[in-house]
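Residue-level listing of the chains:
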Amino acid sequence: AIPPPPPRRPPPPAREPPPEPEPRKGQIDEDENWPAVAAICLGPLALLMVLFSFGALYPFSLALGIGAIVLGTMGRRNVTSGRSRRFYGLAKWGRRLGWISVVLSVIAFLLLVVVAGLIDVAADNLNDLIDGIKAQIEGL
C-alpha cells in the first residue's frame, strides 16, 4: 500500500514591513511637492511684475510665467500620479497665474511693437512737416 503523504507545515508567520525612517533635519520628505510650491511663487511674481511695470518688464514676467506653467503642471502630475499627496491647489493656481502673466506679457509686447511703429510714423511725418516749414521760411 501507498503510505500517506507527510503532514503539511503551517506557513511561516507574515513579517511586518519595517517602519519608515524619520526624515532627518534638512532632508526632503518624499511627500513634499516642490514644483507646486515653486509654481505658486513664480506665478504671482510674474503677474505682479507685468502689472506694476505696466508691461515694461514683459521679458522677465514672460519667463517667470512659463516657469510657473511648467512647474505647476509638474506639481499637479506629482499629485495625480501618487508621488505626492499635497499642494494640488497650489500647483493649479500657480499654473493659472502663470498663464495669465504669459498672456499679459504677450499683450504688452504687441502694444510695444504697435506704439513703436506709431512713433516711427509720427516722427517721419513730423520731420516732413519741419522740412516744409523750413522751405516756406527760406522761400520768403
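Quantities reported herein were computed from a predicted structural model and do not represent experimental measurements.

So, the environment of Y58
Argument step 1. When you line up the elements, Y58 lands in helix α2 (residues 58-80).
Argument step 2. Along the sequence, Y58 and V103 sit 45 residues apart, while their C-alpha atoms lie 10 Å from each other.

What about the confidence of the model for the protein?
Argument step 1. With 91% of its residues at a pLDDT of 70 or more, the protein has an overall mean of 86.
Argument step 2. When mean pLDDT is compared element by element in the protein, α2 scores highest at 95, while helix α3 (residues 88-139) scores lowest at 87.

Things to note about the packing of helix α1 (residues 34-52) against α3
Argument step 1. In contact at an axis separation of 7 Å, α1 and α3 are set at 25° when each is read in the N-to-C sense. Taken together, the axes of α1 and α3 are roughly parallel relative to one another. As for the relative orientation of α1 and α3, their crossing is left-handed in sense. Note on element contacts: α3 touches α1 through L90, A91, W93, G94, L97, G98, I100, S101, L104 and S105, opposite A36, A39, I40, G43, P44, A46, L47, V50 and L51.
Argument step 2. For the contact of α1 with α3, the class distribution of residues is 14 nonpolar, 5 polar and no charged.

Cut-offs used in this document
Numbers given for residues are sequential positions, taken from 1 along each chain in its written order. pLDDT decides what is reported in this predicted model: residues at 70 or higher carry local features, side-chain atom pairs at 80 or more are listed and counted, and totals for whole chains, interfaces and linings draw on all residues regardless. The basis for every side-chain value is the complete set of non-hydrogen atoms in the structure, without hydrogens or water. Numbering of helices and strands starts at the N terminus; helices are DSSP runs of H or I of at least 4 residues and strands are runs of E of at least 2. Every residue carries a pLDDT, the predictor's confidence in it, which falls somewhere between 0 and 100. Axes here refer to lines fitted to C-alpha atoms; in helices the fit is confined to the stretch in contact. Angles between the N-to-C directions go from 0 to 180 degrees. Here the angle decides the label: under 35 degrees means roughly parallel, over 145 means roughly antiparallel, 65 to 115 means roughly perpendicular, and every other value means oblique. Each helix crossing is assigned a hand: it is left-handed if the near helix lies turned anticlockwise from the far helix by less than a right angle, otherwise right-handed if that turn is clockwise. Residue contacts are counted whenever heavy atoms from the two residues lie within 4.5 Å of one another. When residues are grouped by polarity, Ala, Val, Leu, Ile, Met, Phe, Trp, Tyr, Cys and Pro land in nonpolar, Asp, Glu, Lys and Arg in charged, and all others, Gly among them, in polar.

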